[in-house]
Structure formats: structure tokens, C-alpha cells
Amino acid sequence: MFSKIFLNRNNLLSNIDKIEEISGKKTCVMIKANAYGHGMKEILTILNDRVDFFGVSNQSEGLSARKYTNKEIIVFGACEDYKICMLNDVSFALFSLNDAKKIIKIAQKYKLKPKMHLCINTGMNRYGIKSKKDFAKIIAFLTKKGYELAGVYTHFSSLTTDREYTERQKKLFFDYLSLLPSSWKTIKHVGGGRSIFEGLDVDMFRVGLEAYGYGNDFVKPVLSVESELVDIQKVSAGEHVGYLCGYTAKEDMTIATIPLGYGDGFPRKMSNKLIVKINGKQSQSTGNICMDAFMVDVTNITCKIGDRVVIMENASLLAPLIDSTEYEVLTNLSKFRGERIII
């Protein structure tokens, strides 16, 4: 294949080491959205012997992950079929007493063991219970039926923007934890941005972006993208490059084509702004990015068809091009149609 994503094994493992050195607790690595665009299979191949918990967004992702790891998998979004998850030893979030009743009914009918992680809505307002009364009802119901929670968790929404709100979320969460039966072996875990720096007395931290090398200076990017030149064209002054006259040559120039486009996760918003490296020199994208390719100006670069091109080494540099964050740059790569290689 012309285009490749390279995954740096050492950087990924080093990132996990440093995260756990700071948190002092277990880590649940989020691998949703194809491991933030890195590739679920490849990330699990690297981390299966290093991490005990992995987090996904939905049932489909959970079942896919189960093909590549024997470790704990937790579905944090809504679950479609609890029976299938239980049959495949996939844990799942619990959002209400009604959910609990439904889950236990299925578990009893098919003699299966549910691994439920109760979500406490302390202020994210996305999922979960929002009153201690509901919490107590769920605890009472599970106790009566002879079950217990595998985990209790919350998600911090504003760690970097609202200190007062975060402190309120923390207090609420620990108020709930105090109501847990002492005999239960329930894992307490939190997630959201820089939660590892909060010094919280929990059993596990869920990490996403930091694991992949962003958000803090002590981590290194895991993913880079390379391709190669597949065509070179001479363009005369006044001619247009790409769709919709996206660029008009001011003078005679040389254009090279790279076989990656918005179909691979490089959106049109990067048109005429994306900078790549060819033979050690910088080259700017020229014209609107196509679905399957984009063009770059190589007028002042000595190059030939087949030369390698470094497209991305750090998502932080591309995020401003689309007025977004590293999250979006990386998850866009879930669509990448090239090869993923662990180095």
C-alpha cells in the first residue's frame, strides 16, 4: 500500500508507564473509535500484556475488542443486547434501576454473570443516575437478588475549565461511594482529561488521549502517517489545481499527487493549509483535498514518483487547521484505508 500509519510501540508503553507512575493506580485505556484512529487490533496487540482494562463506547466495539484481548472490556455507552455481552464476557455500564432489572432478568434466565459498572452522573449530564435515592434502590435490588456491582464510576467534564464544578463532582462521587456495601468488591474509577493529577482515592483511572501521546508534556505521540508521491504534473500560470478551482497557479509550478484524502481522514478544511515533508523539505497542499488524494507544491523540491512523504507526526499541529482538537484529528483516521504498522 502507498499509505501507512506507523504506531510506535515504545512510545505507547512509555506513556502508560508514566501515567501509572503519576496516578499510582490501574489504568483503563479507552480504545473506542478504533482506538482513537490508531487501530483497535494494533493497540490491543501492544497493550494486552500490559493493561488489565479496556474501554469502548458500544457493544459492537466491545465484541470486536474481545477478538484481540482476554482482558476486561467495559462498554461505557448504551448496550443493545446484554445477553450477547455476558456470553462474550464483556462488561457494560448500568444507567438506571430499570436497566438493572432487565439485566438481572436476562442473567437469571440464561444463568449468566453480568459485570455491571454503575454510572454516577455528577455533572457531565450524559449518562447515569443523579440521585442517592436511585443509587440506594439499585443497591437494595442487587443485594436482594444476590448480585453486586463490578464497578462504580463517574466522568469529570470540566477539569481544565472549571475548578469549582470539578470539586463539586468529586464530592458528589465520594458521597455515593460511601453508600456502597463494604463486602462488595466493586472497582471505583474515574475518567476525563487530567483526572490522574487529582490524587483521588479510587482503584482505576480511565485514560484516552494521554495514552496516545497528547494532553501532557510527559507523553509522546504514538501515531504518524506516511505516504508517497504517485504522480507529478507541470502546471502553467493561470491553471487551476483540484476541484472547484481550489487553487490558481500564479506562475508556472510543479504539483505532486499523494493518494490520501478526506475519505482517509484528512478533511477538506485542511485544503491549501496542510504541510507535509518530502525528502526533508516542507511542501504545502495545493487545491481542495479530494476524497482519495491531494496535491502539493513541489516546485522547489527535487523529488520523483515513489518518494516517501511524511503527512503527520503530531496531531497537535493539524488540529488548528480544522479549528478543532487532537481528538478529532486522530479519530478521523478511523477511516484510513492504508496499512497500520507497529514499529
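The text that follows walks through the structure, step by step, so that each part is easy to find. All of these numbers come straight from a predicted model, not from anything done at the bench.

**Some words on the pattern of salt bridges**
Phase 1 of the analysis: All chains considered together, the criterion is met by 18 salt bridges.
Phase 2 of the analysis: When the shortest N-O distance is used, the salt bridge between Glu-226 and Arg-308 registers 3.8 Å. On the criterion of sequence distance, the pair formed by Glu-226 in strand β10 (residues 223–228) and Arg-308 in strand β18 (residues 308–312) is long-range, its members being 82 residues apart.
Phase 3 of the analysis: The partly exposed category is assigned to Arg-308, whose relative accessible area is 31%.
Phase 4 of the analysis: In the salt-bridge network here, residues are joined through shared partners; they are Arg-66, Glu-72, Asp-89 and Lys-115.

**Concerning helix α8 (residues 163–177)**
Phase 1 of the analysis: Given a rise of 1.5 Å per residue, 15 residues ought to cover 21 Å, and the 21 Å separating the end C-alpha atoms of α8 matches this to within 8%.
Phase 2 of the analysis: Turning to α8, its buried residues are Thr-166, Gln-169, Lys-170, Phe-173, Tyr-176 and Leu-177. Seen from one end, α8 has its buried residues packed into an arc of 125 degrees, which puts them on one side. In α8, the exposed residues that point more than 90 degrees away from the buried face are Glu-164, Arg-168 and Lys-171.
Phase 3 of the analysis: Structurally, α8 contributes buried residues whose contacts are with α7 (132–145), β7 (151–155) and β8 (187–191).
Phase 4 of the analysis: With a side-chain oxygen positioned 3.3 Å from the backbone nitrogen of Glu-164, the residue opening α8 is Asp-162.

**As for the packing of helix α1 (residues 9–23) against helix α3 (residues 40–47)**
Phase 1 of the analysis: Running from amino to carboxyl end, α1 crosses α3 at an angle of 65 degrees, the nearest separation of the two axes being 10 Å. Here the hand of the crossing between α1 and α3 comes out right-handed. The residues of α3 that touch α1, namely those facing Arg-9, Leu-12, Leu-13 and Ile-16, are Ile-43, Ile-46 and Leu-47.
Phase 2 of the analysis: A breakdown of the residues in the contact of α1 with α3 according to their chemical character gives six nonpolar, no polar and one charged.

**Concerning the nonpolar core**
Phase 1 of the analysis: Core analysis: the biggest nonpolar cluster contains 101 residues, and Val-29, Ile-31, Leu-149, Val-225 and Ile-311 have the highest contact counts within it.
Phase 2 of the analysis: Not counting chain neighbours up to four residues away, the residues in contact with Ile-31 comprise Met-40, Ile-43, Leu-44, Phe-54, Gly-55, Val-56, Ala-65 and Tyr-212.

**Some words on unusual backbone geometry**
Phase 1 of the analysis: A positive phi angle, near 60 degrees, is found at Asn-125, a position not held by glycine.
Phase 2 of the analysis: Tracing the backbone shows Asn-125 in the loop between β6 (116–119) and α7.
Phase 3 of the analysis: On the accessibility criterion, Asn-125 (46% relative accessible area) is partly exposed.
Phase 4 of the analysis: Although it is not a glycine, Asn-272 sits at a positive phi angle of roughly 65 degrees.

Reading the values: rules and limits
- Residues numbered from 1 in each chain as written.
- Predicted model: local features only at pLDDT ≥ 70, side-chain atom pairs only at ≥ 80, totals over all residues.
- Heavy atoms only, no water.
- Salt bridge = Lys/Arg side-chain N within 4 Å of Asp/Glu carboxyl O.
- Helix = DSSP H or I, 4+ residues; strand = E, 2+ residues; numbered from the N terminus.
- Buried < 20%, exposed > 50% of the residue type's maximum accessible area, 1.4 Å probe, protein only.
- Expected span 1.5 Å × (residues − 1).
- Arc of directions from axis to C-beta.
- Contact = heavy atoms within 4.5 Å.
- Polar contact = N/O pair within 3.5 Å; in protein donor to acceptor, adjacent residues only side chain to side chain.
- Axes fitted to C-alpha atoms, helices over the stretch in contact; angles between N-to-C directions.
- Left-handed = near helix turned anticlockwise from the far one by under 90°.
- Nonpolar A, V, L, I, M, F, W, Y, C, P; charged D, E, K, R; others polar.
- Core = buried A, V, L, I, M, F, W, Y, C linked by side-chain atoms within 4.5 Å.

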